[in-house]
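Coordinate analysis (summary)
Chain by chain, the residues:
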Amino acid sequence: MPQNQDGGHKSHAGAIAGAVVGAVVLVAISIGLVSLCLMRVRHWPSATSDTASSDPSAQEGAIAAAVEAQHAKQFAFQELDHATKGFNPSNLIGRGRFGLVYKGLLEDGTIVAIKTRASAPTQEFVTEVVNLSQLRHKNVVSLLGFCQEHDHQMLVYDYLPNGSVSSHLCDPNGNPTGELDFKQRVAIALGAARGLEYLHSGNPPRVHQDFKTSNVLLDENLVAKVTDVGLSKLLVTSHNAMPSANGSSSHFADPAAVYNTYRVDPKSDVYSYGVFLLELISGRQAINRSRPAQPSPGIVEWARSLQESSSSMEGMVDKSLVGTEEAGTLLLLGLHCTAQSPEKRPTMSQVSQQVERILDKERGGIVAAGEGATVVTLGSELFK
Ligand SMILES: Nc1ncnc2c1ncn2[C@@H]1O[C@H](COP(=O)(O)OP(=O)(O)OP(=O)(O)O)[C@@H](O)[C@H]1O
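Small disclaimer: the values here were computed from a predicted structure and weren't measured.

1. What about the domain arrangement of the chain?
Structurally, the chain comprises domain 1 (59–158) and domain 2 (166–363). Each partner contributes residues to the interface: domain 1 has 23 residues there, and domain 2 has 28 residues. Interface area, domain 1 with domain 2, both sides summed: about 2300 Å², of which 57% is carbon and sulfur. Interface area lost by domain 1 to domain 2 is led by Arg95, Arg97 and Asn139, which between them contribute 32%. A salt bridge links Lys115 to Asp228, with the shortest nitrogen-to-oxygen separation between them at 2.4 Å. For the interface between domain 1 and domain 2, the tally reads seven residue pairs in polar contact (both at pLDDT 80 or more). When residues in the side of domain 1 that touches domain 2 are grouped by element, the largest group, four residues, is from helix 4 (residues 123–132). Here the residues of the side of domain 1 that touches domain 2 are counted per class, giving nine nonpolar, seven polar and seven charged.

Laid out in structure tokens, this is it:
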């Protein structure tokens, strides 16, 4: 049907107007998207600090990785210097293989633990930190960010006010303190198991490689959190690792991984968890830190010989826990985890389930994890 001329003009003009509006909307959306991306990039600090890599592709890589991760923050040296009052010795918490550890208070009130070592900046460090800071779990200490300035590399973690599990089990002479009751120990065992289970559930699984009692920290409610995840890798790629402060790592290391072909396998963490469990329930250190040179059977051999020579594990249980029905079950689980052959060890998910059953039984479904926790450090008390 032929169209009336006027109507033809109108519909033509309408089509043009529609196309213009459409184009304007499209341009507006594109501008919005581009500015959103730029804002996100700006949110991650630029790599133009005086010590950052001068390689533009390395800078782009760092920023791109950081944007992708959306968790890591690059702290300015000045910020951490301020947080620790100039890395004042009064804020020094300790020393580990990475270096010195300071407690700090950020401007926003967050209390942090800052690990610092002398090192030139590297791209590998940024990439690995960005990777690690994506790990978020109730039972894993959060890595908040990093700093690479003034010839130092620093890692910034959430601060855990109740220290490591090892510091609660024994005094500096290696004698059991009996500080933690059985329920608290089982809750700690479960938290640590879930932390490792979470790491192993990744694709590919992340293996801790240095799991031990001093790498399980306790928060204000005595909730256990696994720390130093991925630190082994950072230390392998660096030539300035400090010696271990307590020399305990080797006693937790899976002999199957150390003596055979070196392999990174979740079952090696299961072995280390078994040693942790034996320490937790026996109150005995895998190595006596006050007499490290004294030859003595390792905790695994000791537990195994006790199991073979008597039908009960009672003799191995921390004195303050004697009479606790399920303590022996946990020791047996520790032995199962430290089976020589990795194939015979349970997975961390099986371990979690078993420990959870024991905790449920102990709690009778009522008691909350961390009941009885008393030592809490508030931000306001930090710089008294
Ligand atoms: N996030 C944190 N919150 C509170 N204290 C921490 C934190 N991280 C580490 N610490 C404490 O700082 C000290 C040194 O810890 P670090 O992890 O560097 O070494 P380590 O694990 O004890 O030993 P190594 O590195 O030799 O295996 C320890 O007393 C530890 O409990």
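Back to the text.
2. Describing the pattern of salt bridges
The tally for this structure, following the rule as stated, stands at 10 salt bridges. For Asp210, the salt bridge is made with Arg97, and the minimal N-O distance between the two is 2.7 Å. You can see Asp210 sitting in the loop between helix 6 (182–200) and strand 7 (216–218) and its partner Arg97 sitting in the loop between strand 2 (92–95) and strand 3 (100–105), a full 113 residues away along the chain. With a closest N to O distance of 3.9 Å, Asp210 and Lys212 form a salt bridge. Note on Lys212: relative accessible area 5%, which makes it buried.

3. Focus: the confidence of the model for the chain
On average, residues of the chain score 78 in pLDDT, and 68% of them are at 70 or above. Long-range and interchain partners of residues 367–384, a stretch whose pLDDT sits below 50, account for 31 contacts in this model, where long-range means more than four residues apart.

4. Observations concerning unusual backbone geometry
Going from Asn203 to Pro204, the amide bond is cis rather than trans, its omega being 0°. Although it is not a glycine, Phe87 adopts a positive phi angle of roughly 50°. By the secondary structure assignment, Phe87 is in the loop between helix 3 (77–83) and strand 2. One non-glycine residue, Leu222, adopts positive backbone phi at about 65°.

5. Concerning the side chain of Ser272
Summarising the element assignment, Ser272 is placed in helix 10 (residues 266–282). Residue classification places Ser272 among the buried residues on the basis of a relative accessible area of 5%. When sequence neighbours within four positions are dropped, the list of residues in contact with Ser272 reads Phe211 and Phe252.

6. Observations concerning the pairing of strand 5 (residues 143–149)
Burial of strand 5 is extensive: seven of the seven residues sit out of reach of the surface. In terms of strand pairing, strand 1 (residues 73–74) meets strand 5 through two bridges, oriented parallel. Its bridge partner lying in strand 5, Gln74 is registered against Phe146. Where strand 5 lies against strand 6 (residues 152–158), six bridges are found, and the strand directions are antiparallel. The residue of strand 6 that forms the bridge with Glu149 is His152.

7. What about the packing of aromatic side chains?
Inspection of the entire model under this criterion finds six aromatic pairs. Their ring planes at 35° and their centres at 5.8 Å tell us that Phe77 and Phe87 sit as a pair that is tilted. A residue pair is termed long-range when its members are at least 10 positions apart, and Phe77 in helix 3 and Phe87 in the loop between helix 3 and strand 2 qualify at 10 residues. By relative accessible area, Phe77 is classed as buried at 17%. Centroid distance Phe87 to Tyr102: 5.2 Å. Interplanar angle 80°. Geometry classified as edge-to-face.

8. Notes on the environment of Asp81
Inspection of the secondary structure puts Asp81 in helix 3. Its relative accessible area of 28% is what places Asp81 among the partly exposed residues. Here the alpha-carbon distance between Asp81 and Gly94, two residues 13 residues apart in the chain, equals 17 Å. In this structure Asp81 touches Gly86 and Phe87, once residues within four positions along its chain are discounted.

What counts and what doesn't
- Residues numbered from 1 in each chain as written.
- Predicted model: local features only at pLDDT ≥ 70, side-chain atom pairs only at ≥ 80, totals over all residues.
- Heavy atoms only, no water.
- Domains from an automatic or database assignment.
- Contact = heavy atoms within 4.5 Å.
- Buried area = accessible area lost by both parts, 1.4 Å probe.
- Salt bridge = Lys/Arg side-chain N within 4 Å of Asp/Glu carboxyl O.
- Polar contact = N/O pair within 3.5 Å; in protein donor to acceptor, adjacent residues only side chain to side chain.
- Helix = DSSP H or I, 4+ residues; strand = E, 2+ residues; numbered from the N terminus.
- Nonpolar A, V, L, I, M, F, W, Y, C, P; charged D, E, K, R; others polar.
- Buried < 20%, exposed > 50% of the residue type's maximum accessible area, 1.4 Å probe, protein only.
- pLDDT = per-residue confidence, 0-100.
- Pairing = 2+ DSSP bridges.
- Phe/Tyr/Trp six-rings, centres within 6.5 Å; stacked < 30°, edge-to-face > 60°.

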